[in-house]
Amino acid sequence: MTRTSSKTGASKKLVIKNFKDRPKLSENYTEDTWLKLRDAVGAIQNSTSIKYNLEELYQAVENLCSYKVSPTLYKQLRQVCEDHVQAQIHQFREYPFDLCSSLDNLSFLKRMNRCWQDHCRQTIMIRSIFLFLDRTYVLQNSLLPSIWDTGLELFRTHIVSDVAVQKRTVEGLLEQIELERNGETIDRSLLRSLLGMLSDLQVYRDSFEERFLTETNRLYAAEGQRLMQERDVPEYLHHVARRLEEENDRIMSYLDQSTQKPLINCIEKQLLGEHMTAILQKGLSNLLDENRVTELTLLYQLFSKGKGGLPTLLQFWRDYIKSFGGEIVCTPEKDKDMVQDLLDFKDKMDNVVQSCFARNEAFINAMKEAFETFINKRPNKPAELIAKYVDSKLRAGNKEATEEELERILDKIMIIFRFIHGKDVFEAFYKKDLAKRLLVGKSASVDAEKSMLSKLKHECGAAFTSKLEGMFKDMELSKDIMIQFKQYMQNQSEPSNIELTVNILTMGYWPSYTPMEVHLPSEMVKLQEVFKLFYLSKHSGRKLQWQPTLGHSVLKAEFKEGKKELQVSLFQTLVLLMFNEGEDFGMEEIRTATGIEEMELKRTLQSLACGKARVLNKNPRGKDVEDGDRFNFNNDFKHKLFRIKINQIQMKETVEEQVSTTERVFQDRQYQIDAAVVRIMKMRKILSHNLLVSELYNQLKFPVKPGDLKKRIESLIDRDYMERDKETPNQYHYVA
């Protein structure tokens, strides 16, 4: 209906310029329009067809809002909606609330979901009709909820907040989740819809999440306890990873995102946090022993998520390395393979850190610390064996590796070498073995030797390698001297039929060798004198001391099979030359003729008569040489090679030599301690015992016990280098 003015006629509409000037609608129009709108709302709520055109209904709402009836219209609409929602609660009360089966609970959830979906669809439709009311009157009144929010509020108040309905809904949801956790298939879309409903109604956290997390906590606490007893660690770790993956999938599929953090924390706490120590005690050693890269990676990933996981893993990792490495180092039966075992172990641990522990710096440092700890549990021996291992790799005849592989091996050796405290022990044995390689020509590669020397120099400084470098210089100078000596011999009136090669060794650079006087043939003695005259004529003031223990020679021999050349040591040479003068000799006769010390002679005869190349026959036969044995030349000796190298048993290291080398290192250490004490006291003049010991530990580069330092201090006091304070015995004075 349109009101008309009597002045303008019935056909013209009234133009209203001002809202307050608008005339009031008739009560009949308002009532009729509301009835029409209520019918439409009822049709929507009952899912029946609407009699009126939606545009006409929208226009009717706009008209009503234009004539100051918005408050009434809003209240009436709310009341109609509320009446309808209140009526919906009865359908849920039909369900029994006690002793419900899973099917009953599922049916209840489906009914609830249908009700919620219908309510949402109806609210959207109603809002589209009353949109003008929503965008004008409601928008201008901040205290009034929108039509959509009103719909949510009514559903929350009259349906979801009903204690019995809410309890049944939440328990049904939890039951479905538990079924899925036990491996059954559920309707995820149903859960997504209902949990979305709780979230939209802002009751998700209070009504569902707290219960859900409590149940989850209880479930995984029991599961963790049970599976830790039943399963081994690899299986358990894979189970934990699978559970985490499943729960993350649930969050993506139907749980609210706000649940993610507390849910994952709950699983990590119950399946990992509560069992970290037990997992590591039960399985870390086996995983590392068996090199289970996949499981170790998984272990690291899981422990990096849990609170305090990585520090716990780090401690067990460190302890494992100390224990396993300590067994390698401290078991004398394994000395033969110690260095190779250490290299393999280091490679294995490096691979674990890189492949499984994400190259974590803390784990790398812990590994270094653990290696340094266990490798020094047994003083001196690892250093000695590392030197011998290097010798085996650098010695001629080592066909195991190419030059590139040898370089890689030496690099790995240097890593192990860094962990050793007593590097002077390594130096002593390395120097002794290097001397053998250089003097007997056993070095596989000069480049490899110099590369190793360069690595040692870089690691320990020039002072550490100065003597080793001096040994190489001696060998090079000896070559030059021998060229000059050969020219000198060519000018002699009586040239010798023996070719002499001499290595001139600077005594301070080389290991000390015990002098041994032997009876050389006159031709050799004469040639030695010739060389002595030649050398001293060029280097006056020097003294030559011959070392027969290091000598070797090539002998020409005739057997029934034909002529052969024998590459032998000087001691072997002296023994064999005797058989030019006779057929058969006893042990004592040989010793008297050659002057070789008894034990050395036994080893020499053993190499000639009991080894693979038996150029002498021993009577009686046997592997060992006894005092009453007799020897004769083996004229029937046969060999496929023309030049035969007879093993030089006397060049192999004996137990006595090992002890001698170690004692020499200890003696050098005493000199270094004495020098350090005098140096410190000379600079400080007066110093307490504790400060002196502290300063010594800073300066000395090898491990030393406080008791040993005290002995050296006492020795220096006895020798008047320093004295005790008369009033304070714990304080020392330097004596100038």
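Scoring rules and cut-offs
Residues numbered from 1 in each chain as written. Predicted model: local features only at pLDDT ≥ 70, side-chain atom pairs only at ≥ 80, totals over all residues. Heavy atoms only, no water. Core = buried A, V, L, I, M, F, W, Y, C linked by side-chain atoms within 4.5 Å. Buried < 20%, exposed > 50% of the residue type's maximum accessible area, 1.4 Å probe, protein only. Contact = heavy atoms within 4.5 Å. Helix = DSSP H or I, 4+ residues; strand = E, 2+ residues; numbered from the N terminus. Expected span 1.5 Å × (residues − 1). Polar contact = N/O pair within 3.5 Å; in protein donor to acceptor, adjacent residues only side chain to side chain. Pairing = 2+ DSSP bridges. Axes fitted to C-alpha atoms, helices over the stretch in contact; angles between N-to-C directions. Phe/Tyr/Trp six-rings, centres within 6.5 Å; stacked < 30°, edge-to-face > 60°.

1. What about the nonpolar core?
Here comes step 1: Formed by 144 residues in total, the largest nonpolar core has its most connected members in Phe-130, Phe-208 and Trp-317.
Here comes step 2: Here Phe-208 is in contact with Val-170, Leu-173, Leu-174, Ile-177, Leu-195, Leu-198, Val-203 and Leu-255, once residues within four sequence places are set aside.

2. Section: the side chain of Lys-423
Here comes step 1: Looking at the element boundaries, Lys-423 is found in helix 20 (residues 423-439).
Here comes step 2: If sequence neighbours within four positions are ignored, Lys-423 has contacts with Phe-417, Arg-418, Cys-460 and Phe-464.

3. What about helix 2 (residues 54-66)?
Residue pairs spaced three or four apart in an α-helix point in one direction, given the helix's 3.6 residues per turn.
Here comes step 1: The end-to-end C-alpha separation of helix 2 is 18 Å, in line with the 18 Å expected for 13 residues at 1.5 Å each.
Here comes step 2: Of all the residues in helix 2, the buried ones are Leu-57, Ala-60, Val-61, Leu-64, Cys-65 and Ser-66.
Here comes step 3: Two to three positions downstream of the cap, the backbone nitrogen of Glu-55 sits 2.7 Å from a side-chain oxygen, assigning the N-cap of helix 2 to Asn-53.
Here comes step 4: Trailing helix 2 by a residue or two, Lys-68 shows a phi angle of about 60°, which is positive.

4. What to know about the sheet that holds strand 1 (residues 552-559)
Here comes step 1: Read from one edge of the open sheet, 3 strands run 1-2-6, paired in mixed fashion. In this open sheet, the two strands that pair with only one neighbour each are strand 1 and strand 6 (643-645). Strand-to-strand twist across the sheet, computed as the mean angle between neighbouring axes with direction ignored, equals 25°.
Here comes step 2: With 8 bridges joining them, strand 1 and strand 2 (residues 562-569) adopt antiparallel strand pairing. Following the sheet pairing, Ala-557 is matched in strand 2 by Lys-564.
Here comes step 3: Strands in contact with helix 24 (residues 570-577) are strand 1 and strand 2; relative to strand 2, the strand with the most contacts, it is inclined by about 135°.

5. Points about the pairing of strand 5 (residues 630-633)
Here comes step 1: As paired strands, strand 3 (residues 584-586) and strand 5 are joined by 3 bridges and run antiparallel to one another. For Phe-585, the partnering residue across the bridge sits in strand 5 and is Phe-631.
Here comes step 2: Inspection of the sheet shows strand 4 (residues 616-619) paired to strand 5 by 4 bridges, in the antiparallel sense. Bridging across to strand 5, Asn-619 finds its partner in Arg-630.

6. Considerations on the packing of aromatic side chains
Here comes step 1: The tally for this structure, following the rule as stated, stands at 30 aromatic pairs.
Here comes step 2: Summarising the aromatic geometry, the rings of Trp-317 and Phe-363 are spaced 6.2 Å apart at their centres and angled 55° between planes, so their arrangement reads as tilted. Residue Trp-317 is found in helix 15 (residues 309-329), and its partner Phe-363 is found in helix 17 (residues 361-375); the two are separated by 46 residues along the sequence. Each member of the pair, Trp-317 together with Phe-363, is buried.
Here comes step 3: When the ring of Phe-485 is compared with that of Phe-531, the centres are 5.0 Å apart and the planes differ by 75°; the resulting orientation is edge-to-face.

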